[in-house]
Amino acid sequence: MGRPVNFHVAFNESFAEDQGVVAEGARVVVADVYAETGASVAQSLGDRAAFRRTDVTAAQPVREFVEFTVDRFGGLHVMCNNVGVSGSLRRFLDDDLRDFQRVVDVDLFGVVLGSRYAALHMVGHGGGVIVDVASAAGIDPGTGMLPYRAAKAGVTHFTRCLAVELGEHRVRANCVAPANIATEINAAFDKAAVTRLQPLARQGCPADAAEAVLYLAGDRAAQLTGVVLPVDGGMSTGTPASRVRAPAGQDSVM
């Protein structure tokens, strides 16, 4: 890359992405509401990284984050909005929705704010790239975690609309949609069970999502905008017939 890069992150799972862009020669600003965590990540990346404590649910801190990046490194060419809280795991009829607004504020509105203030800078400085991190839960319907699913679905559609709106300004907008990645946010899931739903029976890791972000952010993806790229071992494509149990007396449909 070789250009100033701003990675707008909310959780330490993004560490693999930060490492990747620094290895590519980028300069990185890490944002996190948790100062100790964010500062530790930035420090571990060396003098090509900096940290700014940021609450992604409020406009002023996000605007100041972008301003800090431009002042610190002289520009902003890539914004990665990687923010997320899972909220309740309860089924819809058992969920009192008390954390619905918080999930939407962080997972969707945080992406909107990050994209807006990044785009306002990019449009006046020759363009740039916005990469949003959604989830496969925002692509395929499912049970439980409905506030999270709804917010991440909003991220995927918002990103595609952003691509249409900003293309004339030479700003690309793409989205990565991971699933079954070994991070803290899904540590409670049965890993053996979820990998059975994938064509690739392999547990994903943060580096898998990071590589997808790096590709979409870089010049090799110069003709890509409005893309929603699942990083899910093929789960959003379909479950292999060999892992679907057919009813008694019936063969699996191939």
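Treat the numbers as computed from the prediction; the structure is a model and nothing was measured.

1. Concerning the overall build of the protein chain
Turning to step 1, where the next piece is worked out: Across its full length, the protein chain carries 7 helices and 7 strands.
Turning to step 2, where the next piece is worked out: Reading the protein chain from its N terminus to its C terminus gives the helix and strand order β-α-β-α-β-α-β-α-β-α-β-α-α-β.
Turning to step 3, where the next piece is worked out: Considering the protein chain as a whole, with its 254 residues, one finds that 46% of them fall into the buried category.
Turning to step 4, where the next piece is worked out: Excluding contacts between residues fewer than 6 apart, the proportion of contacts in the protein chain whose partners are at least 24 apart in sequence is 63%.
Turning to step 5, where the next piece is worked out: Entry remark: accessible area of the protein chain is about 12600 Å², with carbon and sulfur atoms responsible for 53%.

2. Description of unusual backbone geometry
Turning to step 1, where the next piece is worked out: If you check the backbone angles, Arg170 has positive phi at about 65° while not being a glycine.
Turning to step 2, where the next piece is worked out: Inspection of the secondary structure puts Arg170 in the loop between helix 5 (146-166) and strand 6 (171-178).
Turning to step 3, where the next piece is worked out: Notably, Asn180 is not glycine yet its phi reads approximately 60°, a positive angle.

3. Overview of the packing of aromatic side chains
Turning to step 1, where the next piece is worked out: Overall, the coordinates contain 0 aromatic pairs when judged by the stated rule.
Turning to step 2, where the next piece is worked out: In this structure, Arg116 is placed above the aromatic ring of Tyr117, and the distance from its NZ or CZ to the ring centre is 5.7 Å.

4. Quick notes on the nonpolar core
Turning to step 1, where the next piece is worked out: Among the nonpolar cores identified, the biggest contains 35 residues, and Val29, Met79, Met122, Ile130, Leu162 and Leu166 are the most heavily contacted of them.
Turning to step 2, where the next piece is worked out: For this core, the elements supplying multiple residues, two or more each, are strand 2 (28-32), helix 3 (59-73), helix 4 (100-123), helix 5 and strand 6.
Turning to step 3, where the next piece is worked out: Counting residues per element, this core draws most heavily on helix 4, which supplies 8 residues.
Turning to step 4, where the next piece is worked out: Beyond its immediate sequence surroundings of up to four residues, Ile130 is in contact with Met79, Asn81, Ser115, Ala119, Met122, Leu162, Leu166, Val171, Arg172, Ala173 and Asn174.
Turning to step 5, where the next piece is worked out: The next biggest cluster of nonpolar side chains, apart from the first, holds 11 residues, and it includes Cys80, Val131, Val133 and Val213.

5. Here's the deal with the pairing of strand 4 (residues 78-82)
Remember that side chains alternate between the two faces of the sheet whenever the strand is regular.
Turning to step 1, where the next piece is worked out: With respect to burial, strand 4 is a largely interior element, 5 of its 5 residues being buried.
Turning to step 2, where the next piece is worked out: Side-chain alternation along strand 4 places Val78, Cys80 and Asn82 on one buried face and Met79 and Asn81 on a second face that is also buried.
Turning to step 3, where the next piece is worked out: With 4 bridges joining them, strand 4 and strand 5 (residues 128-133) adopt parallel strand pairing. The partner of Cys80 across the bridge, within strand 5, is Val131.
Turning to step 4, where the next piece is worked out: At this point the chain moves from strand 4, through helix 4, to the parallel strand 5, and the crossover so formed is right-handed.

6. A look at helix 2 (residues 35-44)
Turning to step 1, where the next piece is worked out: The set of residues buried in helix 2 consists of Gly38, Val41 and Ala42. Along the axis of helix 2, the buried residues cluster in a sector spanning 95°; they form a single face. Among the exposed residues of helix 2, those pointing more than 90 degrees away from its buried face are Glu36 and Gln43.
Turning to step 2, where the next piece is worked out: After helix 2 finishes, the residue Gly46 shows a positive phi value of roughly 90°.

The rules we used
Residues numbered from 1 in each chain as written. Predicted model: local features only at pLDDT ≥ 70, side-chain atom pairs only at ≥ 80, totals over all residues. Heavy atoms only, no water. Helix = DSSP H or I, 4+ residues; strand = E, 2+ residues; numbered from the N terminus. Buried < 20%, exposed > 50% of the residue type's maximum accessible area, 1.4 Å probe, protein only. Contact = heavy atoms within 4.5 Å. Areas by Shrake-Rupley, 256 points an atom, 1.4 Å probe, with all protein chains shown as cover. Phe/Tyr/Trp six-rings, centres within 6.5 Å; stacked < 30°, edge-to-face > 60°. Lys NZ or Arg CZ within 6 Å of the ring centre and 35° of its normal. Core = buried A, V, L, I, M, F, W, Y, C linked by side-chain atoms within 4.5 Å. Pairing = 2+ DSSP bridges. Right-handed = clockwise from strand over helix to strand, strands pointing away. Arc of directions from axis to C-beta.

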